[in-house]
Amino acid sequence: MSVPCVVVPREEGESTRRTLADLGVLDEAHDITVEDGRLYIPVSEPRAVPGEFDVVSHDAPERDRQTLPGEILGWEPSYERLGDIAILDEDDPGRAREAARAIAESSLPVGTVVNRASPVEGELRVRQWDVLYGEETETVHREYGCAFALDIAEVYFSPRLATERHRVVEQVEAGERFFDMFAGVGPFVIPAARRGAEAVGVDLNGVAVEYLRENAERNGVADRVTAIEGDVRRVEGYDGWAERLVMNLPHSADEFLDTAVDLAGESCT
C-alpha cells in the first residue's frame, strides 16, 4: 500500500524515527522498509513533517493487526485519546469499568484510563475525573508536529479541537504578532510561534501558564513566546499590538470584546 514516508539514508534511520515519534507524526500502522540503502519511514501527518526531511509516496506493508478494545468487549466503547490517557464519557459506572479494563488489555499505548466525573466547571474550566486504570493524569499530547505537556486534573484541553486549531494557525505568517487571550497550555501559541510569529499567551490558570512556558521550551520556541498569568482585561502594554488575535472562550467571550478591540492593531485578524 502506498503511504507518505520520510526517506533517509539507512544510517540516519533511528535518529529520524525518534524525531518523528517525538513530533507525533510517526505512522505506527505501517512498517518501516529498506530499499537500496535508504529507509522509508511511514508518517501519519506529512504536512507536519519538518522541511529538512524529504516526504515521498512509498509502498509500506501494514503491521500485524492490533487487538482493539471492542474486540475484547464485544461492543465499541466511546473514548478519546490524549497522549497516553484514554478518556471515557460513560454515565454507567459498571460499563465505564468494563471499558477501562478492555482499553488497558488492548494493544493501545495507554497508561491511564479516566471517566468524566463532572462537566467543565468554574472560572478555570477544569473537570473532575474518575481514574479507572493507572494513576497519572499528566501526559504529553502531540498534534501536527507540536508536543504539549499537561495535567488533565489541573487544566482544560480538548483534543477534539486539533483540526480547528491547525486551520487557524496555518494562516499565521512569520514575523506576525499573535495574541491568545485564553491560552491554556499553548495549543494556539506554540504552533503560531513555530511558524515564526511573536506570540503572547494569557491565562488565569497559573498551572496552565507554567505548562505554556514548559511547552515553549519543549518545542524550541521560548524565544518567541511570552506567557502571562492573570486576567487579560488587566494586562498592560499591548494596546494596538496584535496582528492576529484568538479569543477561544465558549459562552462568555463576548464579555471580553472591548479588551479584544483594545489589543487589536488596525489590520488585526
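What this report covers is the structure whose coordinates are included nearby. All of these numbers come straight from a predicted model, not from anything done at the bench. (Residues numbered from 1 in each chain as written. Predicted model: local features only at pLDDT ≥ 70, side-chain atom pairs only at ≥ 80, totals over all residues. Heavy atoms only, no water.)

What to know about the overall build of the protein
Where we set the bar: Strands are runs of DSSP state E lasting at least 2 residues, helices are runs of H or I lasting at least 4, and numbering of each runs from the N terminus. Radius of gyration here is computed from C-alpha atoms only, and the compact-globule reference equals 2.2 Å multiplied by the residue count raised to the power 0.38. To sort residues, take the accessible area from a 1.4 Å probe on protein chains only and compare it with the maximum for the residue type: under 20% means buried, over 50% means exposed, and anything in between is partly exposed. For the accessible areas, the method is Shrake-Rupley and the probe is 1.4 Å, while residue cover comes only from the protein chains on display. Asp and Glu are treated as the negative residues and Lys and Arg as the positive ones, with His and the ends of the chain left uncounted. The atoms used to mark charge sites are NZ of Lys, CZ of Arg, CG of Asp and CD of Glu.
The secondary structure content of the protein amounts to seven helices and 14 strands. Scaling as 2.2 N^0.38, a compact globule of 269 residues should have a C-alpha radius of gyration of about 18 Å, and the protein matches this with 21 Å. In terms of principal-axis extent, the alpha carbons of the protein reach across some 55 × 50 × 25 Å. Per-residue burial over the protein gives 47% buried out of 269 residues. Split by element, the accessible area of the protein, about 14000 Å² in all, is 42% carbon and sulfur. In the protein, the 27 positive side-chain charges and the 55 negative ones have mean positions that sit 2 Å from each other.

A few points about helix α4 (residues 162-169)
Along an α-helix, residues three or four positions apart point the same way, because every turn accommodates 3.6 residues. Here is the rule: Working note: the arc is built from the helix axis to C-beta atom directions. Here, residues are in contact when the closest pair of their heavy atoms is within 4.5 Å.
Among all positions in α4, only Ala 162, Arg 165, His 166, Val 168 and Val 169 are buried. Down the axis of α4, the smallest arc covering the buried residues is 160°, so these residues share one side. Considering only its buried residues, α4 is in contact with β9 (138-143), α5 (189-194) and β14 (244-246).

Observations concerning the packing of aromatic side chains
Remark: the centre distance and the inter-plane angle together describe each pair of aromatic rings, the angle taken between the planes. Inclusion rule: Aromatic rings from Phe, Tyr and Trp, taking only the six-membered ring of Trp, are treated as a pair when their centres fall within 6.5 Å; an angle between ring planes under 30 degrees marks them as stacked, one over 60 as edge-to-face, and anything in between as tilted. Geometrically, a lysine NZ or arginine CZ counts as sitting over a ring once it is within 6 Å of the ring centre and also within 35 degrees of the ring normal.
Across all of its chains, the model carries five aromatic pairs by this definition. With a centroid separation of 6.1 Å and 40° between ring planes, the pair formed by Phe 148 and Phe 157 is classed as tilted. Neither Phe 148 nor Phe 157 differs from the other in exposure class; each is buried. Geometrically, the ring pair formed by Phe 179 and Trp 241 is edge-to-face, given 6.3 Å between the ring centres and 70° between the ring planes. Within this pair, whereas Phe 179 is found in strand β11 (residues 177-180), its partner Trp 241 is found in the loop between β13 (225-229) and β14, the two being separated by 62 residues in sequence. The exposure class of Phe 179 is buried, given its relative accessible area of 0%. Members of the aromatic cluster, each reached through a chain of ring pairs, are Phe 179, Tyr 238 and Trp 241. The cationic tip of Arg 125 hangs over the ring face of Tyr 156; the distance from NZ or CZ to the ring centre is 4.2 Å.

A short note on helix α3 (residues 93-105)
Worth spelling out the cut-off: For a helix, the expected span equals 1.5 Å multiplied by the residue count minus one. Here a polar contact is taken to be a pair of N or O atoms separated by no more than 3.5 Å, where protein atoms must pair a possible hydrogen donor with a possible acceptor and residues adjacent in sequence count only if both atoms sit in side chains.
Given a rise of 1.5 Å per residue, 13 residues ought to cover 18 Å, and the 18 Å separating the end C-alpha atoms of α3 matches this to within 8%. Taken together, the buried positions of α3 are Ala 96, Ala 99, Ala 100, Ala 102 and Ile 103. Down the axis of α3, the smallest arc covering the buried residues is 165°, so these residues share one side. Regarding α3, its N-cap is Asp 92, as a side-chain oxygen of that residue lies 2.8 Å from the backbone nitrogen of Gly 94 further along.

Focus on the pairing of strand β1 (residues 2-9)
Keep this limit in mind: In this scheme, strands are said to pair when DSSP sees at least two bridges between them.
With six bridges connecting them, β1 and strand β4 (residues 54-59) associate as antiparallel partners. Note that in β4 the partner of Val 3 across the bridge is His 58. With five bridges joining them, β1 and strand β3 (residues 38-42) adopt antiparallel strand pairing. Among the inter-strand pairings, Val 8 is bridged to a residue of β3, identified as Leu 39.

A word on the sheet that holds strand β6 (residues 85-88)
As a reminder of what qualifies: Helix axes use the C-alpha atoms of the stretch in contact, all axes being lines fitted to C-alpha atoms, and the angles between their N-to-C directions lie in the range 0 to 180 degrees.
Spatial strand order, β5-β6-β7-β8: four strands in an open sheet with mixed pairing. Both outer strands of the open sheet, β5 (79-82) and β8 (129-133), are each paired with one neighbouring strand and no more. Recorded for the sheet is a direction-independent mean angle of 30° between the axes of neighbouring strands. In terms of strand pairing, β5 meets β6 through four bridges, oriented antiparallel. Counted as the bridge partner of Tyr 79 is Leu 88 from β6. Along the sheet face, α3 touches β5, β6, β7 (112-116) and β8 and points at about 155° away from the line of β6.

Thoughts on the nonpolar core
Condition: We define a nonpolar core as any set of buried Ala, Val, Leu, Ile, Met, Phe, Trp, Tyr and Cys residues linked to one another through side-chain atoms lying within 4.5 Å.
Counting 34 residues, the largest nonpolar core has Leu 150, Phe 178, Val 185, Ile 190 and Val 225 as its most contacted members. For this core, the elements supplying multiple residues, two or more each, are β6, β10 (146-151), α4, α5, α6 (206-218) and β13. Residues within four places of Val 185 in sequence aside, it is in contact with Phe 148, Ala 149, Leu 150, Val 155, Phe 157, Ile 190, Ala 208, Tyr 211, Leu 212 and Asn 215. Judged by nonpolar contacts, the second largest core, of 17 residues, contains Phe 179, Phe 182, Tyr 238 and Phe 256.

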